[in-house]
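Close look at the chain arrangement
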Amino acid sequence: MNRYKKVRGMHDLLPYETEKWQSVERTLMDVARLYGYKEIRVPVIEERALFERSIGSSTDIIAKEIYSFKDRKGRDLALRPEGTASVVRAFLESEMPYARKITKLYYYGQMFRYDRPQKGRYRQFYQFGTELFGGADPFFDGEVIEMLNAMVKNLNLPGYFFSINTLGCPQCKIRYTGIIREWMSGRRNKLCNDCQIRLETAPLRILDCKNTECREITRYAPDIRETLCEECKRHFGQVEEYLRKADIPYRVQPNLVRGLDYYTRTIFEMFAGDDENAVAAGGRYDSLVSDLGGPNIPAIGFAIGMERLLSLIKDKTKKTFNFVYCICIGRQAKIKGIEIARSLRDAGIITEIDYEERGLKSQMKEANRSGARWCIILGEQELEKNEIIIRDMVTGKQENVAYGNYLEIGKELINAEKP
Ligand code: HAM
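Rules behind the numbers
- Residues numbered from 1 in each chain as written.
- Predicted model: local features only at pLDDT ≥ 70, side-chain atom pairs only at ≥ 80, totals over all residues.
- Heavy atoms only, no water.
- 1 Å grid on protein atoms, 1.4 Å probe; cavity = no way out; pocket = protein on both sides within 12 Å on 5 of 7 lines; lining within 4 Å.
- Points joined across faces, edges and corners; volume = space filled by probe spheres on them.
- Helix = DSSP H or I, 4+ residues; strand = E, 2+ residues; numbered from the N terminus.
- Nonpolar A, V, L, I, M, F, W, Y, C, P; charged D, E, K, R; others polar.
- Expected span 1.5 Å × (residues − 1).
- Buried < 20%, exposed > 50% of the residue type's maximum accessible area, 1.4 Å probe, protein only.
- Polar contact = N/O pair within 3.5 Å; in protein donor to acceptor, adjacent residues only side chain to side chain.
- Domains from an automatic or database assignment.
- Near = heavy atom within 4 Å.
- Areas by Shrake-Rupley, 256 points an atom, 1.4 Å probe, with all protein chains shown as cover.
- Pairing = 2+ DSSP bridges.
- Axes fitted to C-alpha atoms, helices over the stretch in contact; angles between N-to-C directions.
- Salt bridge = Lys/Arg side-chain N within 4 Å of Asp/Glu carboxyl O.

1. Focus: empty space enclosed by the protein
- Here the structure, examined in full by the defined rule, presents one cavity of 30 Å³ or more.
- Along its surface, the largest cavity is lined by Val324, Leu344, Ile349, Trp374, Cys375, Ile376, Ile390, Tyr406, Gly410, Leu413 and Ile414.
- Of all the elements in the fold, those that place two or more residues in the lining of the largest cavity are strand E14 (372-378) and helix H16 (406-417).
- Here the lining of the largest cavity takes four residues from H16, the largest share from any one element.
- Residues of the lining of the largest cavity, tallied by class, amount to 10 nonpolar, one polar and no charged.

As structure tokens, this is what we get:
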């Protein structure tokens with residue numbers, strides 16, 4: 001019979017990976033909480049129109065990649081390709097816009113895009129994201145980037161840096177789009193086919209095209225910073241000042257434009273190692289809340305691509321310090337072993353016990369494979385002397401301990417080992 005296989009672009013996270021993921025997730029959430037963020041959980045399915053309106057109909061995400069479908073009642077729905085639109089929708093449906101001036105939210109979960117699967121690119125992938133509502137000051141841009149910096153610093157991500165740019169306020173963005181459209185029109189014949197279409201639908205995206213000839217042309221394109229209004233210039237200058245003071249590794253990249261339409265002013269991406277794909281990306285979106293029917297509330301956020309982040313972090317998993325494997329030889333020993341396992345678990349110590357009646361050698365092998373840090377051995381001799389053996393699985397040293405003391409001694413050993 002044919003075995004089922006995972007769908008193209010999907011991936012499983014197996015137990016040896018999930019431990020590393022959980023530890024990274026904890027770090028990200030801990031740092032977000034340090035900055036005053038609270039978790040929000042939003043659905044995976046939304047109205048397709050929410051994404052069209054937020055991300056923009058002419059973006060690749062909406063035009064080519066969105067998983068959309070009609071439900072049994074004929075509603076146009078979609079699997080979320082990102083989290084920002086859903087978080088804004090949930091924010092607006094709640095009391096939050098009126099409860100506090102600043103609202104800080106973080107979220108975590110699967111996103112779906114019908115992308116071409118390749119290294120670092122999946123059709124289902126996880127994002128850890130944060131969104132801040134109500135802060136217009138450049139201080140917030142700085143703090144949001146600083147928080148992302150703190151997250152990756154805590155994770156010891158090697159060789160990372162930020163690319164930043166500004167798209168200006170809505171007026172500056174419209175003006176600059178016009179300038180680029182006109183400038184690129186004069187070079188239309190040299191642009192790739194996709195960019196010739198972008199010239200009509202989204203001229204700024206030409207600046208971001210990966211085609212070598214388009215890249216060569218865009219090198220000489222007008223820089224947005226020369227066309228900004230005074231307020232936008234000041235804003236970007238203050239963001240840079242914050243980043244310099246906070247010692248954050250960044251460079252201004254004039255052709256950074258981002259692939260979602262909702263951005264205004266500061267935008268950024270974070271890269272690490274020699275990976276061409278951004279590990280995280282985000283920016284300000286001061287008009288989205290009002291575009292979706294809410295009050296005029298500025299906002300800024302980012303999302304980290306978890307698969308990309310995890311692929312760059314070295315696995316430091318070592319044996320779990322509070323993991324005990326209990327080996328029992330013979331029926332009587334097993335009865336006692338079950339008692340031991342129960343009280344160790346009650347004390348919060350991870351305990352495994354061999355339920356099959358196997359010899360010492362094969363149980364020892366299994367204990368080794370399990371990754372246990374400690375082993376308790378209980379055989380006939382130990383039963384007679386009312387003792388157990390506690391074995392250190394790293395050093396191989398073992399000692400006999402009176403049965404009545406095992407819990408205390410076990411806890412002592414484990415606590416001495418705690419990182
Ligand atoms: P984005 O740039 O589309 O922005 O995605 C953010 C991150 O998600 C990327 O930098 C990448 O690490 C990861 N990512 C995107 N597509 C894939 C894929 N197909 N496979 C694996 N990883 C992927 C957003 O989604 C915005 N919502 C970010 C944001 C939040 N802006 C403001 N707030």
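2. Some remarks on helix H6 (residues 138-154)
- Compared with an ideal rise of 1.5 Å per residue, which puts 17 residues at 24 Å, H6 spans 24 Å between its outermost C-alpha atoms and is within 8% of the ideal.
- Here H6 lies mainly inside the structure; 13 of its 17 residues are buried.
- Capping the start of H6, Asp137 holds a side-chain oxygen 2.8 Å from the backbone nitrogen of Phe139, two or three residues further along.
- The first or second residue beyond H6 is Asn156, which carries a positive phi of 55 degrees.

3. Focus on the domain arrangement of the protein chain
- Taken domain by domain, the protein chain consists of domain 1 (15-169 + 229-312) and domain 2 (321-417).
- Domain 1 and domain 2 are separated by 47 Å when their C-alpha centres are compared.

4. Looking at the site of the ligand
- Around the ligand there are 27 residues in total, and Glu82, Thr84, Tyr122, Glu131 and Tyr263 lie nearest to it.
- At 3.1 Å from an oxygen atom of the ligand is found a side-chain nitrogen or oxygen belonging to Gln127.
- Coverage of the ligand by the protein chains reaches 96% of its 660 Å² of free accessible surface.
- Its residues placed into classes, the shell around the ligand shows 13 nonpolar, seven polar and seven charged.

5. Let's talk about the sheet that holds E14
- Spatial strand order, E13-E12-E14-E15-E16: five strands in an open sheet with mixed pairing. The open sheet terminates on both sides in strands that have one partner only, identified here as strand E13 (350-353) and strand E16 (398-402). Put simply, the sheet's adjacent strands are angled 25 degrees from each other on average, direction ignored.
- Pairing between strand E12 (residues 320-328) and E13: four bridges, direction parallel. Note on E13: the bridge partner recorded for Phe323 is Ile350.

6. A word on the pattern of salt bridges
- Scanning the model with the defined rule gives 29 salt bridges in all.
- In this structure, the salt-bridge partner of Arg89 is Glu46, at a minimum N-O distance of 2.8 Å. Taken together, the positions of Arg89 in helix H4 (residues 84-93) and Glu46 in strand E2 (residues 45-47) put the pair 43 residues apart, joining distant regions of the chain.
- The exposure class of Glu46 is buried, given its relative accessible area of 7%.
- Across the pair Glu230 and Lys233 runs a salt bridge whose closest N-O atoms are separated by 3.8 Å. Of the two residues, Glu230 and Lys233 are both situated in helix H10 (residues 230-245); the distance of three residues between them amounts to about one turn of the helix.
- Residue Glu230 is classed as exposed on the basis of its relative accessible area of 58%.
- A single salt-bridge network, built from bridges that share partners, covers Glu46, Arg89 and Glu93.

7. Thoughts on the sheet that holds E2
- The strand order across the open sheet formed by three strands is E2-E4-E3, and the pairing between neighbours is antiparallel. This sheet does not close on itself; its edge strands, each paired only once, are E2 and strand E3 (68-70). If you compare each strand with its neighbour and ignore which way they point, the axes differ by 35 degrees on average.
- Bridge analysis of E3 against strand E4 (residues 76-79) gives three bridges, and the strand direction is antiparallel. Of the residues in E4, the one forming a bridge with Phe69 is Leu77.

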